[in-house]
Amino acid sequence: MIVRATARATREIERTAAWWRDNRDAGDELFLAELDVFTRLVAASPEAGQRYGYRRDRLFRRWLLERTQVHVYYTVDLDAQIITVHAVWGARRGRQPRL
């Protein structure tokens, strides 16, 4: 399966990666490394993420990047063989993203 990110998710990935580079001495690439593992795992097993809920008639799933405490929100289109990442959101923010 192909994993792609929306424009919004791409901006969030870039912003989160920059934060980790600027604010973590030992973990500057930790977020991107965890995101890479997520991408490979979800491509092989797209329904592995936690069922988050339906929005606009699509089932959203959520995957926690454990070491960085960032959630990745995504949908799966089995017919098209595409996984779309819609949001990358800090789990500690105290609220959920608008999907």
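Report on the accompanying structure. Residues take numbers from 1 onward in each chain, read along the sequence in its written order. A pLDDT threshold of at least 70 governs which residues receive local features in this predicted model, and a stricter bar of 80 or more applies before side-chain atom pairs are shown or counted, although totals over entire chains, interfaces and linings include all residues. For side-chain calculations, the full set of non-hydrogen atoms in the structure is used, while hydrogens and water are omitted.

1. Digging into the sheet that holds strand β2 (residues 50-55)
Then step 1. Here we have 5 strands laid out as an open sheet, ordered β1-β5-β4-β3-β2, and mixed in their pairing. Two strands in the sheet have a free side with no partner beyond their single neighbour: β1 (2-5) and β2. Shown here is a sheet whose adjacent strand axes are inclined to one another by a mean of 35°, direction ignored.
Then step 2. For two strands to pair, DSSP has to find at least two bridges joining them. In DSSP terms, a helix is any run of H or I states spanning at least four residues, a strand is any run of E spanning at least two, and both are numbered starting from the N terminus. Note: strand β3 (residues 58-65) against strand β4 (residues 70-77), 5 bridges, orientation antiparallel. Of the residues in β4, the one forming a bridge with R62 is Y73.
Then step 3. Here, two residues are considered to be in contact whenever any of their heavy atoms come within 4.5 Å of each other. With axes taken as lines fitted to C-alpha atoms, and helix axes fitted only over the stretch in contact, angles between N-to-C directions fall between 0 and 180 degrees. Across the sheet, helix α1 (residues 7-23) is in contact with β1, β4 and β5 (82-90); its angle to β5 comes to roughly 45°.
Then step 4. Running at roughly 135° to β3, helix α2 (residues 30-44) makes contact with β1, β3, β4 and β5 of the sheet.

2. Points about the packing of α1 against α2
Then step 1. As a packed pair, α1 and α2 sit with axes 8 Å apart at the nearest point and diverge in direction by 140°. Of the possible angle classes, the one that applies to α1 and α2 is oblique. Along its contact with α1, which presents I13, T16, A17, W20 and R21, the element α2 presents L30, F31, L32 and L35.
Then step 2. Side-chain classes are defined by residue name, with Ala, Val, Leu, Ile, Met, Phe, Trp, Tyr, Cys and Pro counting as nonpolar, Asp, Glu, Lys and Arg as charged, and the others, Gly among them, as polar. Across the contact of α1 with α2, the residue classes break down as 7 nonpolar, 1 polar and 1 charged. What sets the label is the angle itself: under 35 degrees gives roughly parallel, over 145 gives roughly antiparallel, 65 to 115 gives roughly perpendicular, and the rest give oblique.

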